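Spelled out from the first residue to the last, the chains are:
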Amino acid sequence: MARSLARFLYCCLLRLHPPSFKTEFANEMLWIFDEVAEQQGVFKLFADGLLSLVRQWIVRYALQKLLIGDAALSSWPSSTHELFAWERIAFPATSLSIPRMLQGSMVSFAFIAFLSFLAIDAGKAGTVRGLSGGSWDPVSAPRPVREGFQTDVSDLAVGERNSQARPGVAGTAPRAANDAEPNLSSPVLGSDLTTVRTFASPAPAQLLTAQFDNARTGANLNERILTPANVNASQFGRLFTFKVDGDVYAQPLYVPDVDVPGKGKHNVLFVATENDSVYAFDADGASTTPLWHVSLANFSEGITPLSEQDVSCFFISPQVGITSTPVIDLKTGTLYVLARTKERKGLLNADVYKQRLHALAITTGVEKFGGPVEIKASVKGTGAGHSGGQIAFDPQTENPRAALLLANDSVYLAWGSSCDVVPYHGWLMAYDPTTLAQKSVFNTSPDASDSAIWQGDAGPAADKDGNVFVVTGNGEFDAATNGRDFGDSVLKLRSEGQRLTLLDYFTPSNQAQLNGRDNDLGSSGPVLLADQPGAHPHLLVTAGKEGKIYLIDRDHMGKYQPNDDTHAVQTISASHGAFGAMAYWNQNVFFAGSETRLQDYAVDRGQLKLKASGPTKFFDSGATPAVSANGSKDGVVWAVSSKNWNEPPGKPAVLYAYEASDVGRQIYSTEQNSQRDRAGIALRFATPSVVNGKVYIGAKSEVDVYGLLPLY
């Protein structure tokens, strides 16, 4: 009751702010209130909210009227809105002190006064170089203020917004991927992309990488238990829950018939948490006690996961450890995991931040190949954070959100940002899977900043020829004028010896506008389609925060054209935004964008045609769908929704199931029998793992497991 009253009073406080400020920041302030109040209390939130109110009316309006007159009022906020930002937007997880709030106000006052006098001297309030503030897009989500007063170069991550998108609003659906190239070590995932698979492989079901395969199709073609006929509230529901020590953002992975020393053979589910833990569970629930559990931190030695304060981003809270989905090499029985840690060096020394690639035995969790190896890299460049002509990888600011990829006898790792805390760049690195030696490094913005590879946990994709595809977020783009910076682009790369070589790219014609409006292309991952007839046999599909789907020829990606997007095979305005990947099955592409229903696009002669839409609307972050099917039959589309971004924390995730042949028919929801089936607390960008008759959903400190109920 007290919490509800405090929230109501805070809403009243927000309504008292000037209209332009409310449009820009009020929703984000309310969202931050919901996220922070429980941990820090409401006193300081009300204190800096009141101070914000005073500053907006007295400084923003009274000072402007005094110094530059009424005529400039309409244009002034659009050119200087970040100077007026509420203190907590830059570092929302931080508990702000009164001196800091006053200091921020005085700094803002000084800047405003200085700019006002400049405006008087110029005769008008003009746009100040470096403060051009792109237009507000209610779907692309509010962004934290960036250092240097740069605007709209976003890419938040993980539960963070980043291409990553805006604070996760959830509605009623998921996200997905597609069908193409194999995990070269996997008999199931190694099928040839040149053939559309129309029958189930005889190999046992397994899930070794994010979205089921390296083409990132999101499709399990070996599901013989779950069908549209038995996935319903009377036959299907929650079976059990695995409790773990941290939030589960990484997609759970699955290997059948693992011989665990001293415990026999088990179908094993592998779960990674933000507390830097990796668990192996009996996937069928013979026991909810782990078969093994290892911590990649060392708490007794002061080596811990990072906190939200360490990354200045509270989307993942309270720990930031393992976020990206690991990958498994079945040939060597190895689970590759990328983990972040903080090492405390005492009162007189600063904490040290590390990221390490671990190679764990799937049977025991023991480190292999002399691991772990610390992530270090540098490239030549003059971009953000450079020193002596070199840009070094920063383990504190670089956020590994995209899933790991195993292809070309390499483990690929990718990085973006946390809440746009600068400096950051997009990085892609390749490591040898048996020596853990670094093989090659690629930076997406060596002479600029940003251009993160985020993709909302959708992984880099790889085709049968060894080409690797990634999508970048906001940032400077100058490749069309012989530069090396690739904001808002789809990149095609290949490992050649000790180098990652850029072979081709696609950049939308309105890249500058996307960048200016925080409409990252890289909020969604790439999905590779099976070979198609006609002029464009090798297609890639992706989408961004603008809500537009791009169908791209992987052989001739088109680079950049300034006037239109005819260099794409097809573009479709499909939603208010995309914050995850699509799924591909049986010549159908499934898309769950922001504030839209699940959409099914038939692939017909190299073009996408809208075939059907689901009954349930997904809000804000939409979903990444997954498909389970027995070859080309018995297809079910699965999606997980999260909470609306401005809702109080604590909303349960919702699992939805649709008949894949007609997504207009929703066949199941965990809320149909909520007392029995309700899932755990929702996290953002969750992708369901559907394998061997069960559906595994990562949530806050648990994994919920669904399947056919015992009577059936």
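What you are looking at is a predicted structure, and each value in this text was computed from that prediction instead of being measured.

So, the overall build of the protein chain
- When its secondary structure is counted, the protein chain shows 8 helices and 40 strands.
- Counting across all 712 residues of the protein chain, residues that qualify as buried make up 65%.
- By sequence separation, contacts in the protein chain at least 24 residues apart represent 65% of the contacts at least 6 residues apart.
- Roughly 24,100 Å² of accessible area belongs to the protein chain as shown, and the carbon and sulfur atoms make up 54% of that amount.

Concerning the pairing of strand S3 (residues 253-260)
- With 6 of its 8 residues buried, S3 lies for the most part within the structure.
- Examined bridge by bridge, S3 and strand S4 (residues 264-272) share 6 bridges and lie antiparallel to one another. Within S4, the residue paired with Leu253 across the bridge is Phe270.
- Hairpin connection of S3 to S4: 3 residues between the antiparallel strands, including Gly262 at a positive phi of 80°.

Focus: the nonpolar core
- Counting residues in hydrophobic clusters, the biggest one holds 40 residues, and the most contacted among them are Phe270, Val278 and Leu335.
- Residue assignment for this core shows that the elements contributing at least two residues are strand S2 (236-243), S3, S4, strand S5 (277-282), strand S6 (292-295), strand S11 (334-343) and strand S40 (702-708).
- Ala458, Leu539, Ile572 and Val603 belong to the second-largest nonpolar core, a separate cluster that totals 21 residues.

What about the sheet that holds strand S25 (residues 527-528)?
- Ordered by their spatial adjacency, 4 strands build an open sheet running S25-S26-S27-S29, and the pairing between neighbours is antiparallel. Of all the strands in the sheet, just S25 and strand S29 (570-573) have a single pairing partner and so form its edges.

Describing the pattern of salt bridges
- On inspection of all chains with the given rule, the structure shows 18 salt bridges.
- A salt bridge links Lys611 to Asp600, with the nearest nitrogen and oxygen atoms 4.0 Å apart. Separated by 11 residues along the polypeptide, Lys611 in strand S33 (residues 607-618) and Asp600 in strand S32 (residues 596-604) bring together distant segments of the chain.
- Accessibility expressed as a relative area gives 45% for Lys611, which makes it partly exposed.
- Judged by relative accessible area, Asp600 falls into the buried class, the value being 0%.

Remarks on the sheet that holds strand S23 (residues 490-496)
- Taking strand neighbours across the sheet as the criterion, the 5 strands line up as S21-S22-S23-S24-S28 in an open arrangement whose pairing is mixed. The sheet is open, and its two edges are formed by strand S21 (461-462) and strand S28 (559-560), each paired on a single side.
- Direction of pairing for strand S24 (residues 499-507) relative to S28: parallel, over a ladder of 2 bridges. Following the sheet pairing, Phe506 is matched in S28 by Lys559.

Examining the state of the cysteines
- This model, assessed by the stated rule, comprises 1 disulfide.
- The residue that forms a disulfide with Cys313 is Cys419, at a sulfur-sulfur distance of 2.0 Å. Between Cys313 and Cys419 the disulfide shows an S-S torsion of about 55°. By sign, it is right-handed. Note that Cys313 is positioned in the loop between helix H6 (308-311) and strand S9 (319-320) and Cys419 in the loop between strand S18 (410-417) and strand S19 (427-431), a separation of 106 residues in sequence. Each member of the pair, Cys313 as well as Cys419, carries the same accessibility label: buried.
- With no disulfide partner, Cys11 has as its closest neighbouring cysteine sulfur the one in Cys12, 7.0 Å distant.

Here's the deal with the confidence of the model for the protein chain
- Residue-level pLDDT values for the protein chain average 82, and 76% of them are 70 or greater.
- Below pLDDT 50 for its whole length, residues 87-96 participates in 40 contacts with residues either more than four positions away or in separate chains.
- Every residue in residues 122-202 scores below 50 in pLDDT, and together they form 386 contacts with partners more than four places removed in sequence or on other chains.

Re the environment of Gly487
- Turning to its location among the elements, Gly487 is positioned in the loop between strand S22 (468-471) and S23.
- Separated by 38 residues in sequence, Gly487 and Ser449 place their C-alpha atoms 8.9 Å apart.
- Other than its neighbours up to four places away in sequence, Gly487 contacts Ser451, Thr472, Gly473, Gly475, Glu476, Phe477, Thr507 and Gln511.

Section: the side chain of Gln532
- Among the secondary structure elements, Gln532 is positioned in the loop between S25 and strand S26 (539-543).
- Residue Gln532 is classed as buried on the basis of its relative accessible area, which comes to 5%.
- A polar contact of 2.8 Å, which involves the side chain of Gln532, links it to the backbone oxygen of Ala530.
- Beyond its immediate sequence surroundings of up to four residues, Gln532 is in contact with Pro537, Leu539, Tyr584, Gln587 and Val603.

Definitions and cut-offs
Residues numbered from 1 in each chain as written. Predicted model: local features only at pLDDT ≥ 70, side-chain atom pairs only at ≥ 80, totals over all residues. Heavy atoms only, no water. Helix = DSSP H or I, 4+ residues; strand = E, 2+ residues; numbered from the N terminus. Buried < 20%, exposed > 50% of the residue type's maximum accessible area, 1.4 Å probe, protein only. Contact = heavy atoms within 4.5 Å. Areas by Shrake-Rupley, 256 points an atom, 1.4 Å probe, with all protein chains shown as cover. Pairing = 2+ DSSP bridges. Core = buried A, V, L, I, M, F, W, Y, C linked by side-chain atoms within 4.5 Å. Salt bridge = Lys/Arg side-chain N within 4 Å of Asp/Glu carboxyl O. Disulfide = S-S within 2.5 Å. pLDDT = per-residue confidence, 0-100. Polar contact = N/O pair within 3.5 Å; in protein donor to acceptor, adjacent residues only side chain to side chain.

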